[in-house]
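Structural description and commentary
Each chain, written out:
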Amino acid sequence: MKSEILITGISQLVTAEGFGPKHGRTMRELKIVERAAIAISAGVIVWTGKESEWKGETEAIVDACGRAVVPGLIDPHTHAVWAGDRLADFEARASGSTYEEILAAGGGIRSTIRATAAASQADLVALGKPRIDSLIASGATTIEVKSGYGFTPEAELAMLEAIQSLSADSPARLMPTLLIHIPPAIATERSSYMSRVCEELISEVARRNLATAVDIFVEKEAWQVAEAEELFRRAKHYGLSIKLHSDQFHCIGGLELGIDFGALSVDHLEASGPEQIAKMASSSTIATILPGVSLHLGIPSAPGRKH
Ligand SMILES: [Zn+2]
């Protein structure tokens, strides 16, 4: 075997057994190799094992000087690009208002949408950079970053352009997602907004390679299952992957729709019950749970250890 780079001098290498993504309990089956080496060719790990067992040739050796090597962390759900703050929400929650009451009164996501719309692309990049950097400092090497505070197709494109600009300068791999977060506050604008998303925005995002996936928030106070289905059909037509925010407060069928469409992941799941958990467990869709949200909003935790 030939490699371009051989990393030697690894005191302990922690790695998953075998190839490909892991599900369920197999994710915990990690192997520890003492005094290990890693061979890399064309940016891909082609061999791992004990340093003494490497029999191939290599063009360059990198000495890890006795460090341990572990897999890079993947953060699959971030909203790293936005402007404004949620201090008023904290105050309202401390006075007893619920998330949905705050949203209905124009706070929550809607206040972030207003602040993000008022920010320039340079502002969004400057605000996003320290957030991305802090994730990298915590060990993340691949980071998903969503749009979703744009409110108009043009503003969503500006958010995705800001993510693209952050990606160009980042040592981490950023995976951009187009998020269709909440419907317009004015009910009559709802269907025309979704039509513009489906007919103009998704094709433009795909044409310019600005996102790899499309995400939607399915919830009583957000988008409904039929609207998500329309969006997913369009996303699939353009070869984009599918993700969802679902079952955060109510189970209205978002999780089931996502699985039927072969979603990469369904995220949140705080309100998921036994039926949803069983469906998720028998699918290849990833359950992404967000413990920080439960802590931040004071809502129940997702049943991550059920099944
Ligand atoms: Zn989210």
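Residues numbered from 1 in each chain as written. Predicted model: local features only at pLDDT ≥ 70, side-chain atom pairs only at ≥ 80, totals over all residues. Heavy atoms only, no water.

1. Things to note about the overall build of the protein chain
As a reminder, the rule being used: Per the convention used, a helix needs a DSSP run of H or I reaching at least four residues, while a strand needs a run of E reaching at least two, with both numbered from the N terminus. As a reference, a globule follows 2.2 Å times the number of residues to the power 0.38, and the radius of gyration itself is taken over C-alpha atoms. Only protein chains enter the calculation, and the probe is 1.4 Å; a residue is then buried if its accessible area is under 20% of its type maximum, exposed if over 50%, and partly exposed in between. In what follows, a contact means two residues having at least one pair of non-hydrogen atoms within 4.5 Å. With residues, only the protein chains shown are counted as cover, and all accessible areas are computed by Shrake-Rupley using a 1.4 Å probe. Neither His nor the chain termini are counted; the positive set is Lys and Arg, and the negative set is Asp and Glu. The location of each charge is read from NZ of Lys, CZ of Arg, CG of Asp or CD of Glu.
Helix and strand counts for the protein chain come out as 10 helices and 12 strands. Against the 2.2 N^0.38 benchmark of 19 Å for 307 residues, the protein chain shows a C-alpha radius of gyration of 22 Å, consistent with a compact globule. Principal-axis analysis of the C-alpha atoms gives the protein chain an extent of 70 × 45 × 45 Å. Out of the 307 residues in the protein chain, the part that is buried amounts to 42%. Residue pairs in contact within the protein chain that sit at least 24 positions apart in sequence constitute 67% of those at least 6 positions apart. Put simply, the protein chain shows about 15900 Å² of open surface, and 56% of that area lies on carbon and sulfur atoms. Treating the 29 positive side-chain charges of the protein chain as one cloud and the 38 negative ones as another, the clouds have centres 5 Å apart.

2. Quick look at the sheet that holds strand 11 (residues 265-268)
Heads up, the rule is: Pairs of strands are assigned from DSSP output, requiring at least two bridges between the strands. Every axis corresponds to a line fitted to the C-alpha atoms, with the helix fit spanning only the stretch in contact, and the corresponding angles, defined between N-to-C directions, vary from 0 to 180 degrees.
Read from one edge to the other, the open sheet built from 7 strands follows the order 6-7-8-9-10-11-12, with strand pairing classed as parallel. At either end of the open sheet lies a strand with only one pairing partner, and these are strand 6 (73-75) and strand 12 (286-288). Across this sheet, the average inter-strand angle for adjacent strands is 20°, counted without regard to direction. The pairing of strand 11 with strand 12 spans 3 bridges and is parallel.

3. Notes on the layout of surface pockets
The cut-off we apply is this: Lining residues are defined by having an atom within 4 Å of a point belonging to a cavity or pocket. Those points lie on a 1 Å grid over the protein atoms alone, cavities being sets where a 1.4 Å probe fits but cannot get out and pockets being open sets with protein on both sides within 12 Å along at least five of seven lines. Grid points are joined across faces, edges and corners, and a volume is the space filled by probe spheres set on the points. The classification used treats Ala, Val, Leu, Ile, Met, Phe, Trp, Tyr, Cys and Pro as nonpolar, Asp, Glu, Lys and Arg as charged, and all other residues, Gly among them, as polar.
Each pocket or cavity is described by its volume, and for the second largest pocket that value is around 880 Å³. Looking at the second largest pocket, it is lined by 31 residues, and the ones nearest its centre are H79, R86, Y149, V293 and H296. Secondary structure elements with two or more residues in the lining of the second largest pocket: helix 1 (87-94), helix 2 (99-104), helix 3 (109-118), helix 4 (121-137) and helix 10 (291-297). With 4 residues, the top contributor of residues to the lining of the second largest pocket is helix 10. Partitioned by chemical class, the residues of the lining of the second largest pocket number 14 nonpolar, 12 polar and 5 charged.

4. Some thoughts on the pattern of salt bridges
Note the threshold: Throughout this description, the term salt bridge denotes a Lys or Arg side-chain nitrogen within 4 Å of a carboxyl oxygen of Asp or Glu.
Going through the model one piece at a time under the given rule, you end up with 13 salt bridges. Its salt-bridge partner being K243, residue E144 comes within 3.1 Å of it at the nearest N-O pair. Residue E144 is found in strand 7 (residues 140-146), and its partner K243 is found in strand 10 (residues 241-246); the two are separated by 99 residues along the sequence. Neither residue differs from the other here; E144 and K243 are each classed as buried.

5. Some details on helix 3
Each α-helix turn comprises 3.6 residues. Residues three or four places apart therefore point the same way. Taken residue by residue, helix 3 has I109, R110, S111, T112, I113 and T116 as its buried positions. Summarising the contacts, the buried residues of helix 3 are in contact with helix 2, helix 4, helix 5 (153-169) and strand 9 (213-218).

6. Here's the deal with the nonpolar core
Formally: Buried residues of nine kinds, namely Ala, Val, Leu, Ile, Met, Phe, Trp, Tyr and Cys, make up a nonpolar core once their side-chain atoms join them within 4.5 Å.
L178, I180, I216 and L231 are the most contacted members of the largest nonpolar core, which has 59 residues in total. Broken down by element, the residue count for this core peaks at 7 residues, all from helix 6 (residues 190-207). With residues near it in sequence (within four places) discarded, L231 still touches I180, M194, V197, C198, I202, V214, D215 and I216.

7. Section: the side chain of E219
Mapping E219 onto the fold places it in the loop between strand 9 and helix 7 (225-237). The side chain of E219 sits in the buried core without any salt bridge; K220 is the nearest counter-charge, 6.8 Å away. Ignoring sequence-local partners within four residues, the contact set of E219 consists of Q224, Q248, F249, H250 and I252.

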